[in-house]
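# Tertiary structure, described
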Amino acid sequence: MARLYPDAHCELDFTSPLELLVATILSAQCTDKRVNLVTPKLFARYPSAADYASADREELEGLIRSTGFYRSKANSILGLGRKLCDEYGGEVPGDLDDLVRLPGVGRKTANVVLGNAFGVPGLTVDTHFGRLVRRFGWTEETDPVKVEHAIGGLFPPKDWTLLSHRLIWHGRRICHSRRPACGACELARWCPSFGEGPTDADAAAALVRNGPFS
C-alpha cells in the first residue's frame, strides 16, 4: 500500500486543528468533496472557536445544509465552540480524552485530528478501514474500538496515521463495499478475500475510482 499510495493523505482541506475538527464533523454521511466545497466560506465566516460559540444558528445551518444532517451538525459545532471557549481557552486540545469530551467528537474524529493536525499517531477506523482489515484477515472484530485496538497491536504507532490513509484510499478507489475491483487490485495476490468482486481485469477496471471521495 505504501508503494501504491505514496501520497496518501487526509482529503479534507484544512489549515488548523479547529478547521479539521469542524470539517471532520461535517464529513459524517457526506463526501469529502462536498465538505471541501462548503468549508472555504464557513471557515472565513467563523475563524475561531469563539465565532462558532456565538454563531447564529440559522446562518450556520444555511452554510452547512448541503452536507446533510445539518441541524445535528450545527448542534455539535455550536456546542464544541462553547466548550472549547469555556474549558480549553478557545484552542483544540491535542489529547484523545479531551477531544472525545467535545460535542460531536468520537474516537474516529479525534484520531483524525490527532494524526493530521497534531502529528500524534492514531487509527481512523471508518467504514473503509474496518471493511479492509476484515477482508485482509487482520481481525474479525466489527466494533470500531475493538478494531482500533486489534490493528494497533499489529503495527507500530509511528505507522498508524499513514496506515489509516492508505487503507481508506484503497477502500475508496479499489476495495469497494459492494463490488470490490479484485481483478484490478495490486494487493490481490496476498488478499484472502480475492474473488468477492469481479476478477476479470476489464470488468474490475471499470469499477476503479479516482479523485476525492466519501
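Residues numbered from 1 in each chain as written. Predicted model: local features only at pLDDT ≥ 70, side-chain atom pairs only at ≥ 80, totals over all residues. Heavy atoms only, no water.

Orientation of helix α1 (residues 17–26) relative to helix α5 (residues 70–87), taken along the N-to-C sense of each, is 155°, at an axis distance of 10 Å. Compared by their axis directions, α1 and α5 come out roughly antiparallel. Handedness of the crossing formed by α1 with α5: right-handed. Contacts between α1 and α5 involve Leu-18, Leu-21, Val-22, Ile-25 and Leu-26 from the first element and Lys-73, Ser-76, Ile-77, Leu-80 and Leu-84 from the second. Residue composition of the contact of α1 with α5, grouped by class: eight nonpolar, one polar and one charged. (Axes fitted to C-alpha atoms, helices over the stretch in contact; angles between N-to-C directions. Helix = DSSP H or I, 4+ residues; strand = E, 2+ residues; numbered from the N terminus. Parallel < 35°, antiparallel > 145°, perpendicular 65-115°, else oblique. Left-handed = near helix turned anticlockwise from the far one by under 90°. Contact = heavy atoms within 4.5 Å. Nonpolar A, V, L, I, M, F, W, Y, C, P; charged D, E, K, R; others polar.)

So, on to the side chain of Arg-166. Turning to its location among the elements, Arg-166 is positioned in helix α10 (residues 160–173). Apart from the residues lying within four places of it in its own chain, the contact partners of Arg-166 are Met-1, Ala-2, Tyr-5 and Ala-8.

To continue, consider helix α7 (residues 107–118). Buried within α7 we find Thr-109, Ala-110, Asn-111, Val-112, Val-113, Leu-114 and Gly-115. Along its buried surface, α7 packs onto α1, α6 (96–99), α9 (144–152) and α10. Two residues or fewer past α7, Gly-119 is found with a positive phi of approximately 70°. (Buried < 20%, exposed > 50% of the residue type's maximum accessible area, 1.4 Å probe, protein only.)

Turning our attention to the UniProt feature "domain: HhH-GPD" (unreviewed entry) in the chain. In the numbering used here, UniProt assigns the feature "domain: HhH-GPD" (unreviewed entry) to residues 26–173. In residues 26–173, the share of helix is 64% and the share of strand is 0%. The end C-alpha atoms are 22 Å apart. (UniProt positions renumbered as here; feature names shortened; annotations may be inferred.)

So, on to the packing of aromatic side chains. Tallied over the full model, the rule gives four aromatic pairs. Joined through ring pairs, the aromatic side chains of Phe-136, Trp-138 and Phe-155 make up one cluster. Stacked on the ring of Tyr-70, the Lys or Arg Arg-65 has its end atom at 4.3 Å from the ring centre. Seen from the ring of Trp-169, Arg-173 lies directly overhead, with NZ or CZ sitting 3.9 Å from the centre. (Phe/Tyr/Trp six-rings, centres within 6.5 Å; stacked < 30°, edge-to-face > 60°. Lys NZ or Arg CZ within 6 Å of the ring centre and 35° of its normal.)

As a further point, take the environment of Ala-184. Here Ala-184 shows up in the loop between α10 and α11 (201–205). Sequence separation of Ala-184 and Ala-201 is 17 residues, and the distance between their C-alpha atoms is 5.7 Å. With residues up to four places along the chain from it excluded, the contact list for Ala-184 reads Ile-174, Ala-204, Ala-205 and Val-208.

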